[in-house]
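Residues per chain are reported as follows:
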Amino acid sequence: MKKQLARLGCSILAFTLCHIAVAQKGEVINRLSNAQTNAFYTSNKAPLAASYFIKLPIASITPGGFVRKAMELERDGLAGHLGEISLWLSKTDNAWLNKEGIGKYGWEELPYWLKGYGDMAYILHDEHMLKETKFWINAVLNNQRDNGDFGPKVERGTGKRDLWTNMPMLWCLQSYYDYTHDPRVLTLMTRYFKWQLSIPDDQFLEDYWENSRGGDNMYSVYWLYNITGDRFLLDLATKLDKNTANWRQLNNLPNWHNVNIAQCFREPAQYYQQSKDTNDLHATYNDFYLVRNIYGQVPGGMFGADENARKGYDDPRQAIETCGMVEQITSDNMLTSITGDPLWAENAENVAFNQFSAAFTPDYRSLRYLTAPNMIINDGKNHSPGIANEGPFLMMNPFSSRCCQHNHAAGWVYYSEYSWMATPDNGLAAQLYFENKVKAKVGHGQEVSITQHTHYPFDSGIQLTLNTAASVDFPLYLRIPEWCKTPSVKVNGKALSITANAYGYIKLSNRWKNGDQVFINFPMEISVRTWDKNKNSVSVNYGPLTYSLKIKEDYTKTDGRHNAQGDAGWQPSADPEKWPSFEIHPGSSWNYGLLLNEKDPASSFKVMKKAWPADNNPFTNTNAPIVLIAKGKQIPAWGIDQYGLVAVLPQSPVQSSEPVTPLTLVPMGGARLRISAFPVVK
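Residues numbered from 1 in each chain as written. Predicted model: local features only at pLDDT ≥ 70, side-chain atom pairs only at ≥ 80, totals over all residues. Heavy atoms only, no water.

Participant: So what exactly am I meant to see when it comes to the nonpolar core here?
Facilitator: Across soluble globular proteins, nonpolar side chains have a tendency to be buried as a group. Of all hydrophobic cores here, the largest spans 202 residues; its most connected members are Phe193, Trp412, Trp420, Leu476, Leu478, Leu508 and Val518. Broken down by element, the residue count for this core peaks at 10 residues, all from helix H3 (residues 109-124). Not counting the four nearest positions on each side in its chain, Val518 is found in contact with Ile462, Gln463, Leu464, Leu476, Leu478, Val489, Lys490, Val491, Leu508 and Trp512. Listed in part, the nine residues of the second largest apolar core include Ile29, Tyr52, Phe53 and Tyr418. (Core = buried A, V, L, I, M, F, W, Y, C linked by side-chain atoms within 4.5 Å. Buried < 20%, exposed > 50% of the residue type's maximum accessible area, 1.4 Å probe, protein only. Helix = DSSP H or I, 4+ residues; strand = E, 2+ residues; numbered from the N terminus. Contact = heavy atoms within 4.5 Å.)

Participant: Got a minute to help me understand the environment of Ile137 in this structure?
Facilitator: Within the secondary structure layout, Ile137 lies in helix H4 (residues 127-142). Judged by relative accessible area, which is 0%, Ile137 ranks as buried. Separated by 26 residues in sequence, Ile137 and Pro111 have C-alpha atoms that sit 9.8 Å apart. Once residues within four sequence positions are removed from consideration, Ile137 is found in contact with Leu114, Cys172, Leu173 and Tyr176.

Participant: Would you explain the packing of helix H5 (residues 167-180) against helix H6 (residues 183-198) in this entry?
Facilitator: Think of two packed helices as two axes; the pair is described by the angle between the axes and how far apart they sit. It is at 9 Å that the axes of H5 and H6 come closest, and there the two elements cross at 150°. Classified by the angle between their axes, H5 and H6 sit roughly antiparallel to one another. Every pair of crossing elements has a handedness; the one defined by H5 and H6 is left-handed. Seen from H5, the contacting residues are Leu170, Leu173, Gln174, Tyr176 and Tyr177; seen from H6, they are Arg184, Val185, Leu186, Leu188, Met189, Tyr192 and Phe193. Looking at the contact of H5 with H6 residue by residue, the classes come out as 10 nonpolar, one polar and one charged. (Axes fitted to C-alpha atoms, helices over the stretch in contact; angles between N-to-C directions. Parallel < 35°, antiparallel > 145°, perpendicular 65-115°, else oblique. Left-handed = near helix turned anticlockwise from the far one by under 90°. Nonpolar A, V, L, I, M, F, W, Y, C, P; charged D, E, K, R; others polar.)

Participant: Please explain the sheet that holds strand S17 (residues 494-496) as it appears in this structure.
Facilitator: Strands pair in a sheet through their backbones, by hydrogen bonds, and they do so in one of two ways: parallel or antiparallel. Strand order in the open sheet made by the seven strands is S4-S12-S13-S14-S19-S16-S17, with antiparallel pairing throughout. At either margin of the open sheet sits one strand with a lone partner, and together these are strand S4 (61-63) and S17. Here the average twist between neighbouring strands, direction ignored, is 20°. Looking at chain direction, strand S13 (residues 446-454) and strand S14 (residues 461-468) are connected through seven bridges and run antiparallel. Note that in S14 the partner of Thr454 across the bridge is Ile462. (Pairing = 2+ DSSP bridges.)

Participant: How should I be thinking about the packing of aromatic side chains in this particular structure?
Facilitator: How two aromatic rings sit relative to each other is set out by the distance from centre to centre and by the angle between their planes. With the rule as written, the count across this model stands at 37 aromatic pairs. With a centroid separation of 5.6 Å and an interplanar angle of 75°, the aromatic rings of Phe66 and Phe619 are classed as edge-to-face. Of this pair, Phe66 sits in helix H2 (residues 65-76) while Phe619 is found in the loop between strand S26 (606-609) and strand S27 (626-634), placing the two residues 553 residues apart along the sequence. Directly above the aromatic system of Tyr313 lies the positively charged group of Arg310, at a separation of 3.5 Å from the ring centroid. (Phe/Tyr/Trp six-rings, centres within 6.5 Å; stacked < 30°, edge-to-face > 60°. Lys NZ or Arg CZ within 6 Å of the ring centre and 35° of its normal.)

Participant: It is not clear to me how the side chain of Asn143 should be interpreted in this structure. Could you clarify?
Facilitator: Position of Asn143 relative to the elements: it lies in the loop between H4 and strand S5 (155-156). For Asn143, a relative accessible area of 16% puts it in the buried group. Here the side chain of Asn143 touches Ala139 through a polar contact of 2.8 Å, landing on its backbone oxygen. If we skip the residues at most four places from it in the chain, Asn143 touches Trp96, Leu97, Asn98 and Lys99. (Polar contact = N/O pair within 3.5 Å; in protein donor to acceptor, adjacent residues only side chain to side chain.)

Participant: Explanation requested: H4 in the structure shown.
Facilitator: Side chains three or four residues apart in an α-helix point the same way, a direct result of the helix having 3.6 residues per turn. For H4, which comprises 16 residues, the first-to-last C-alpha distance of 22 Å matches the rise-based estimate of 22 Å (1.5 Å per residue) to within 8%. Taken together, the buried positions of H4 are occupied by Met129, Leu130, Glu132, Thr133, Trp136, Ile137, Asn138, Ala139, Val140 and Leu141. Elements in contact with the buried residues of H4: H2, H3, H5 and H6. Taking the backbone nitrogen of His128 as reference, a side-chain oxygen 3.1 Å away marks Asp126 as the first, capping residue of H4. (Expected span 1.5 Å × (residues − 1).)

Participant: Help me understand the pattern of salt bridges, please; the structure alone is not making it clear to me.
Facilitator: When the charged atoms of two side chains lie near each other, side chains of opposite charge can form a pair. According to the stated counting rule, one finds 32 salt bridges in the structure shown. In this structure, the salt-bridge partner of Lys55 is Glu417, at a minimum N-O distance of 3.1 Å. With Lys55 in strand S3 (residues 54-55) and Glu417 in helix H16 (residues 410-417), this pair connects stretches of sequence that are 362 residues apart. With a shortest N-O distance of 2.5 Å, Asp554 and Lys552 are connected by a salt bridge. A relative accessible area of 28% means that Asp554 is categorised as partly exposed. Here Lys552 falls in the partly exposed class, since its relative accessible area comes to 48%. One network of salt bridges, in which partners are shared, links Asp241, Arg248, Glu267 and Asp280. (Salt bridge = Lys/Arg side-chain N within 4 Å of Asp/Glu carboxyl O.)

Participant: It is not clear to me how the environment of Leu649 should be interpreted in this structure. Could you clarify?
Facilitator: As for its position among the elements, Leu649 is in the loop between S27 and strand S28 (661-667). Residue classification places Leu649 among the buried residues on the basis of a relative accessible area of 3%. Between the alpha carbons of Leu649 and Pro679 there is a distance of 6.9 Å; along the sequence they are 30 residues apart. Leave out the neighbours within four places in its chain, and Leu649 touches Asp315, Pro316, Asn374, Asn534, Lys535, Ser537, Trp638, Ala677 and Pro679.

This is the structure:
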C-alpha cells in the first residue's frame with residue numbers, strides 16, 4: 001500500500017518533468033511534459049487539460065505476431081461470424097435499422113460487437129468486414145430522428161430514455177470517422193449532444209447502466225469538442241458528470257458490478273480534464289486501488305467479482321467477466337493519455353497477457369462469461385452461490401454470455417490501437433510491446449514508420465527499425481516495464497547508460513535517418529509475490545507473465561443451446577455443429593502447493609525455453625515458448641467444494657506428508673484450467 005500511495009502522490013501532485021538519469025542523447029523520465037501541443041494529431045483543446053499522450057488514427061498501427069494472429073482468429077471465429085449466430089445482430093426487426101428506433105432486437109449488443117468488429121475491419125483491411133461495418137454505420141447515420149436522438153428508442157419506467165444504448169455506438173461512429181473522415185458523423189453527434197443537453201436532469205442518466213457509465217458518453221463529448229470546439233459540449237460534459245453515479249466516494253463504490261467498476265472508475269479522471277481538480281484524479285486512483293485491496297489480492301491485474309463483488313468472496317476462485325477485462329484494458333488506455341502515468345499501460349499489459357486469452361478456446365470460436373485465476377472446472381452447471389450468478393456461466397459457449405459474446409471483439413484491437421501514441425512534442429511513444437509497425441507524422445511533419453520485431457512478452461529483446469525518406473529530428477519514448485530492474489538500450493549498436501531500477505520512459509532524442517535501429521532489452525527474472533491478504537498464497541512471474549500449474553485439459557464437445565444463459569438468443573439457422581461449445585475437465589491432479597526456498601524463493605524455479613510456435617499462437621499450454629519447472633506437494637484436503645468449484649485456498653504454509661512432485665508451470669494466459677495463486681507447502 002505504501003508503494004501505491006507513493007505512486008499516487010507522484011501521479012497526481014508532481015506533474016513535472018522528473019529526470020532520473022541522463023546519458024548522451026537518452027534520458028529516463030517519470031512522466032512526459034505536456035506543455036506543448038502535438039501539431040499533427042487531435043488532442044485536448046483548451047480549456048481542457050493538455051494530453052500527455054495522443055491516440056493515433058486507427059489505421060496507423062499494423063499489428064503482427066501473436067496480436068495479429070489473435071485478431072485473425074477472431075475474424076475467422078466467433079467475432080467475425082457472430083451475425084450467423086446472434087439474434088441481436090439479425091437484420092430483420094432490428095431497432096437499429098429504422099428511424100423510429102422500434103424493433104424486437106436493439107440494445108447494447110450490436111454496438112458492443114461493432115466497436116471491436118469495425119476496428120478490426122479497419123486495421124486488417126478486410127473487405128467483407130468493411131462492407132458489413134458500413135452497412136450498420138450507414139443505418140445509424142441515415143436514421144437520426146428530427147429531434148437529434150438516434151438508435152433504439154428504449155425507455156425505462158415512466159418514459160425516461162435509456163441513453164446507454166447509444167454510448168458504445170458513438171464509439172463506433174468515432175472510429176468510422178477516424179477511418180473515413182465522413183462529415184456525417186460530426187453532424188449526427190452535434191445534433192445528438194444538443195438534444196441530450198435539453199433533457200431535464202431528473203430524466204437524464206436515471207437507469208442503472210447509463211447512470212454508472214456516463215463516462216463513456218463523456219469520452220465522446222470531449223472527442224467531438226476537440227474537433228469542433230463547440231463550447232456547449234463542455235456544458236454537456238458537466239451535466240454528464242453531475243448526473244453520473246458517484247465514483248468519488250472514499251471507501252465505497254456506487255455499485256460493485258465487475259464491468260461497471262472496470263469501465264466507470266475512470267469517470268472522475270475523465271472530468272478532471274475539464275475541472276482540473278486533482279481530487280478527481282485522486283478518486284480514480286482510489287477506486288482502482290480500493291477494489292484491488294479488497295477483492296484483487298490475486299494475480300492477473302483484475303479482481304474477483306463474478307457478477308458483483310461480495311464481502312467474504314475474495315478467493316482466487318472468484319472470477320471476472322470477459323467484458324470486465326475488455327473494459328479494464330479500455331480504461332487503462334484512456335488513463336494513459338489523461339495522466340501520463342505508465343501504471344495504466346502496465347495494468348493493460350497484465351490483463352491482456354495473463355487473463356484475456358484464457359477466456360476463449362484457442363481458436364477464438366467460443367468463449368466463457370467468467371474466468372478466474374484459480375479455475376479447475378469449465379462446465380455448464382450452476383455454481384451459485386460460490387459464483388454470484390445462477391446459471392451456466394463457466395463453459396465455453398458461442399451461443400451464450402450475451403454481453404461478453406458481443407463485447408469481446410474489442411479486447412485485442414483496442415490493445416493494438418494504443419500500443420504506440422503520439423506525444424505533445426511531436427514524437428512517438430511505445431506503450432505496449434509486440435510485433436507491429438507504426439506509421440505517423442513527427443518532427444516538423446515528416447512521415448516515418450517504425451517496425452517492431454519481438455516475441456515479447458516471451459522474449460526480452462525488442463528491435464525497432466526506422467524508415468524515413470529523409471533524416472528527421474523527433475523524440476522517441478520507450479516505456480520501461482515496472483518489473484524490469486536493468487533495462488538497456490542500444491542505438492545503432494551504441495549502448496546508452498540507463499540507471500538500474502528506473503521507472504517511466506526512456507527518451508531518445510536524435511536526428512533519425514533511414515535504417516536506424518534501436519535495440520531494447522528488458523531482462524526477465526523470476527519473481528514470487530506473496531498475497532498476504534489471501535491466505536499467504538503466492539504467484540510466480542517471469543517478466544510480465546504470471547505462471548499457472550499445467551493441468552491436462554480434457555475437452556468435451558456439447559451443444560451450447562442447451563447450456564445457454566436464460567437471456568441468450570440465437571438465430572434459427574445457427575448451427576451448433578459448426579459452432580460447438582465445450583466443457584473442460586481436469587485430466588490430471590491440480591491440488592498442489594509449491595515448495596519454496598524461504599531465503600531465495602526465485603531459486604525454486606527453473607526456466608525452460610522452447611521454440612516459437614509455428615502458428616504464432618503462444619497462449620496455449622502446448623505452444624508455450626517458456627515454461628517453469630518447480631517442485632510441490634499435493635494437498636489432499638484441498639479439493640472441490642459443495643458448489644463444484646475449487647475450494648477456498650488453505651492458509652499457507654500448509655503441512656503435507658505427500659511426496660515431493662516435479663511440477664510444470666505454464667503462462668496463465670494460455671491455461672484455460674489453472675491454479676495461479678498457490679498455497680505454500682512444507
